[in-house]
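# Observations on chain architecture
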Amino acid sequence: VEGQGRIVAYGSTVDNKTGDAVFVPAIRPQPKDELMLPVVARTPGQSGTNWRTELRIANLEEHTVDLIMEFRPRRNDPGQPVFIERSVLPWSVLKADDVLAVFGLNNGVGSVRVTVLQGPSTVAATARIFNSTHGGTYGQFVAAADSNSGRSAAISHADSNLTTRTNLGVCEVGGGSITIRATLLDTFGRPIADPILLTAEPYQLVQVDDVFAAADQTATSNAWIQLELVAGDGDFFAYGSMVDSVTGDAIFVPSQPLPEAPPPYPEP
């Protein structure tokens, strides 16, 4: 590679039946001991949707990598964590077309923690959560989450109207417990509902379906969500999943860290 410029590379994977595409950004994987996929699903949803999850794990090493994969149900869902072991050959990709079925589950929503045995190793993990219909699929791309949200973060693309709803998810990714305060804000940064407190245990997902309805808030377009860590010793990754109520197509909006501000509670 020559030149002094910078590039942004991506893939666009298109369903030939529906024309739906997912945007897959290129990454520079680093050696890691574990990866967190903040959300996977195999469940019916609103408006007749039927959610499934593809999972792919790429081994970018010259040796076989052994993994332990843990599915943990989201908060308040029944069930216990489920563990499976897999090996990925050098420069190969492990693919699960329906990852919850690989865990032996017929239904569920939660997170997947991938532990690299004898790590760290250079491994990349990605997922596609899609609405499966008779005419094809409508999906959203989900990358492995990083523990870099700090105390506060924002989701800048959240809408609620006659044809769109937004789900809010928060996943603990640092191995601790967390309490997050989520505030819906309008175009001008004004609160439009009372804050919602979300609590998660280590590596646990908590998801609020149709967050505007959950906050008892009327439909609002061009809104955003502010998230603050108010208690706990963990770290978090948050996302919005904005769903078209007509097609069942969703886009995944990862949280972005906000500049550090004075903590919302006294330091010990």
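Residues numbered from 1 in each chain as written. Predicted model: local features only at pLDDT ≥ 70, side-chain atom pairs only at ≥ 80, totals over all residues. Heavy atoms only, no water.

In strand β14 (residues 196–200), alternate side chains face the same way, and those of Ile 196, Leu 198 and Ala 200 are buried while those of Leu 197 and Thr 199 on the opposite face are not. Bridge analysis of strand β13 (residues 178–185) against β14 gives five bridges, and the strand direction is antiparallel. Counterpart to Ile 178 in the pairing with β14 is Ala 200. (Buried < 20%, exposed > 50% of the residue type's maximum accessible area, 1.4 Å probe, protein only. Helix = DSSP H or I, 4+ residues; strand = E, 2+ residues; numbered from the N terminus. Pairing = 2+ DSSP bridges.)

The next point concerns the layout of surface pockets. By volume, the largest pocket amounts to about 940 Å³. The wall of the largest pocket is formed by 41 residues, among which Pro 25, Ile 27, Phe 141, Ala 143 and Ala 144 lie closest to the centre. The set of elements that each furnish at least two residues to the lining of the largest pocket consists of β2 (21–25), β4 (50–59), β9 (123–133), β10 (136–143), β18 (250–254) and β19 (256–257). Its residues assigned to classes, the lining of the largest pocket shows 27 nonpolar, eight polar and six charged. (1 Å grid on protein atoms, 1.4 Å probe; cavity = no way out; pocket = protein on both sides within 12 Å on 5 of 7 lines; lining within 4 Å. Points joined across faces, edges and corners; volume = space filled by probe spheres on them. Nonpolar A, V, L, I, M, F, W, Y, C, P; charged D, E, K, R; others polar.)

In this section: the nonpolar core. In this structure, Val 39, Leu 55 and Ile 57 are the most contacted members of the largest nonpolar core, which totals 38 residues. Tallying contributions element by element places strand β3 (residues 34–44) first for this core, with six residues. Excluding residues that lie within four positions of it along the chain, Ile 57 makes contacts with Leu 67, Met 69, Val 88, Ser 92, Val 93, Leu 94, Val 114, Val 123, Ala 124 and Ala 125. Within the second largest apolar cluster, 26 residues are counted, among which are Ala 200, Ala 223, Leu 227 and Leu 229. (Core = buried A, V, L, I, M, F, W, Y, C linked by side-chain atoms within 4.5 Å. Contact = heavy atoms within 4.5 Å.)

Another point: the sheet that holds β18. Read across the open sheet, the four strands follow the order β15-β12-β17-β18; overall the sheet is antiparallel. Of all strands in the sheet, those with a lone pairing partner are β15 (205–208) and β18, marking the two edges. Sheet twist, expressed as the mean angle between neighbouring strand axes with direction ignored, is 20°. Pairing geometry for strand β17 (residues 236–244) and β18, over five bridges, is antiparallel. Within the sheet, the bridge partner assigned to Met 242 lies in β18 and is Ile 251. (Axes fitted to C-alpha atoms, helices over the stretch in contact; angles between N-to-C directions.)

Attention shifts here to unusual backbone geometry. Residues Gly 119 and Pro 120 are joined by a peptide bond in cis, for which omega reads 5°. Along the polypeptide, Pro 120 turns up in the loop between β8 (108–116) and β9. Residues other than glycine seldom take positive phi values, yet Ser 47 does so here, at roughly 60°. Of note, Ser 47 is situated in the loop between β3 and β4.

Turning our eyes to something else, we now look at the environment of Pro 38. The residue Pro 38 is located in strand β3 in this model. Here Pro 38 falls in the buried class, since its relative accessible area comes to 0%. On a C-alpha basis, the gap between Pro 38 and Glu 228 in space is 18 Å, while along the polypeptide they are 190 residues apart. Contact partners of Pro 38, with chain neighbours within four places excluded, come to Gly 110, Ser 111, Val 142, Ala 143, Ala 145, Cys 171, Leu 205, Phe 237 and Phe 252.

This structure, assessed with the given rule, holds ten salt bridges. Residues Glu 70 and Arg 113 are paired through a salt bridge, measuring 3.9 Å at the closest nitrogen-oxygen approach. With Glu 70 in strand β5 (residues 65–73) and Arg 113 in strand β8, this residue pair connects regions lying 43 residues apart in the sequence. The buried category is assigned to Glu 70, whose relative accessible area is 5%. The partner of Asp 209 in a salt bridge is Arg 74, with the nearest N and O atoms 3.9 Å apart. Remark: Arg 74 occurs in the loop between β5 and β6 (82–88) and Asp 209 occurs in the loop between β15 and α2 (211–214); sequence separation between them is 135 residues. Beyond isolated ion pairs, a larger network of salt bridges with shared partners links Glu 34, Glu 70, Arg 72 and Arg 113. (Salt bridge = Lys/Arg side-chain N within 4 Å of Asp/Glu carboxyl O.)

What follows covers the sheet that holds β14. Taken together, the five strands give an open sheet; going across it, the order is β14-β13-β16-β11-β19, and neighbouring strands pair in antiparallel fashion. Across the chains shown, the open sheet's two edge strands, defined by having one partner strand only, are β14 and β19. Pairing of strand β11 (residues 152–158) with β19, which is carried by two bridges, proceeds in the antiparallel orientation. Residue pairing in the sheet places Ala 153 in a bridge with Pro 257 of β19.

What follows deals with the packing of aromatic side chains. Counted according to the given criterion, the structure contains four aromatic pairs. Here Phe 71 and Phe 103 contribute two aromatic rings whose centre-to-centre distance is 6.0 Å and whose plane-to-plane angle is 45°, an arrangement assigned as tilted. Linking Phe 71 in strand β5 with Phe 103 in the loop between α1 (99–102) and β8, this pair joins segments that are 32 residues apart in sequence. Of the two residues, Phe 71 and Phe 103, neither departs from the other in class, the shared state being buried. Each ring, one from Tyr 239 and one from Phe 252, has its centre 5.0 Å from the other, and the planes form 25°; the classification is stacked. (Phe/Tyr/Trp six-rings, centres within 6.5 Å; stacked < 30°, edge-to-face > 60°.)

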